[in-house]
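Notes for the structure review
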Amino acid sequence: MGRAIDELFAQIFSGLNFGDPQHLLMANAFVEAIGNSLEQWHNDPSVSSIEYTRMAWSGGMKASTAFQDLDFNFQNDSNTRNAVESQIFFTKSTISIIGNNTK
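The following paragraphs examine the structure supplied in this document. Numbers given to residues run from 1 along each chain, matching the order in which its sequence is written. It should be noted that, the model being predicted, local features are given only for residues of pLDDT at least 70 and side-chain atom pairs only at 80 or more, the latter also being counted only at that level, while totals for whole chains, interfaces and linings use all residues. To obtain the side-chain values, all non-hydrogen atoms of the structure were included, while hydrogens and water were left out.

1. Things to note about unusual backbone geometry
Not every positive phi belongs to a glycine, and Asn 43 is a case in point at roughly 50°. Along the chain, the position of Asn 43 falls in the loop between helix H2 (21-42) and helix H3 (49-56). A relative accessible area of 62% places Asn 43 in the exposed class. The helix count covers DSSP runs of H or I at least four residues long, the strand count covers runs of E at least two residues long, and both are numbered beginning at the N terminus. Relative accessible area decides the class of each residue, using a 1.4 Å probe on protein chains only: under 20% of the type maximum gives buried, over 50% gives exposed, and in between gives partly exposed.

What follows is the structure in structure tokens.
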């Protein structure tokens, strides 16, 4: 893995790739495993596997060349999925925080 990060640093400094090396490595090597892990953890057969893959693309990985090279529709769907999941998390967190403050 250290070699892969070193190679990504070289690509970034040479202008062949952009983003930070850790997120580039995640985008290039682990996004599929992240999606599979989310699917296994959630274990809901009513949710399509592609939804977990869309959720796996998040944070700094979206600044990677790997994400930018994906189909525009997939990028858009992934951005939408992340926005929905962020809002759900934010809403639940806000309700929990508000609930704790009123006790």
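2. As for the nonpolar core
As a rule of thumb, soluble globular proteins bury nonpolar side chains together. Here, nonpolar core refers to any group of buried Ala, Val, Leu, Ile, Met, Phe, Trp, Tyr and Cys residues whose side-chain atoms link them within 4.5 Å. In this structure, Ala 27, Val 31, Ala 56, Trp 57, Met 61, Ala 66, Phe 67 and Phe 74 together form the largest nonpolar core, which totals eight residues. Listing elements by their share of this core, those giving two or more residues are H2 and helix H4 (65-68). Residues in contact with Trp 57, not counting those within four places in the same chain, are Ala 27, Val 31, Lys 62, Ser 64, Ala 66, Phe 67, Leu 70, Phe 74, Ser 78 and Asn 82. Residue contacts follow a heavy-atom distance rule, with two residues in contact if any of their heavy atoms lie within 4.5 Å.

3. Some remarks on the environment of Gly 60
Topologically, Gly 60 is positioned in the loop between H3 and H4. Of the residues examined, Gly 60 reaches a relative accessible area of 24% and is grouped as partly exposed. Taking the C-alpha atoms as reference, Gly 60 lies 9.3 Å from Met 26; in sequence the two are 34 residues apart.

4. With respect to the packing of aromatic side chains
Stacked, edge-to-face and tilted are the three classes for Phe, Tyr and Trp ring pairs, Trp counted by its six-membered ring, which pair at centre distances within 6.5 Å; planes under 30 degrees apart are stacked, over 60 edge-to-face, the rest tilted. Under the counting rule described, the total for this entry stands at one aromatic pair. Both rings, one in Trp 57 and one in Phe 67, keep their centres 5.3 Å apart while their planes meet at 45°; by these two values the pair is tilted. Placement of Trp 57 in the loop between H3 and H4 and of Phe 67 in helix H4 is noted, with a sequence separation of ten residues between them.

5. So, the environment of Gln 22
Tracing the chain through its elements places Gln 22 in helix H2. Along the chain, Gln 22 and Met 61 lie 39 residues apart, while their C-alpha atoms are 8.7 Å from each other.

6. Some details on the pattern of salt bridges
Each reported salt bridge corresponds to a side-chain nitrogen of Lys or Arg within 4 Å of a carboxyl oxygen of Asp or Glu. A complete count under the given rule lists three salt bridges for this structure. For Glu 51, the salt bridge goes to Arg 54, with nearest N and O atoms at 2.5 Å. With a gap of three residues between them, Glu 51 and Arg 54 both fall in helix H3, about one helical turn apart. The exposure class assigned to Arg 54 is buried, which follows from its relative accessible area of 15%. Between Glu 51 and Arg 81 there is a salt bridge whose closest N-O contact spans 2.7 Å. You can see Glu 51 sitting in helix H3 and its partner Arg 81 sitting in helix H5 (residues 72-101), a full 30 residues away along the chain. On the basis of relative accessible area, Arg 81 is assigned to the partly exposed category, the value being 22%. Among the ionic contacts, a cluster of salt bridges with common partners joins Glu 51, Arg 54, Asp 77 and Arg 81.

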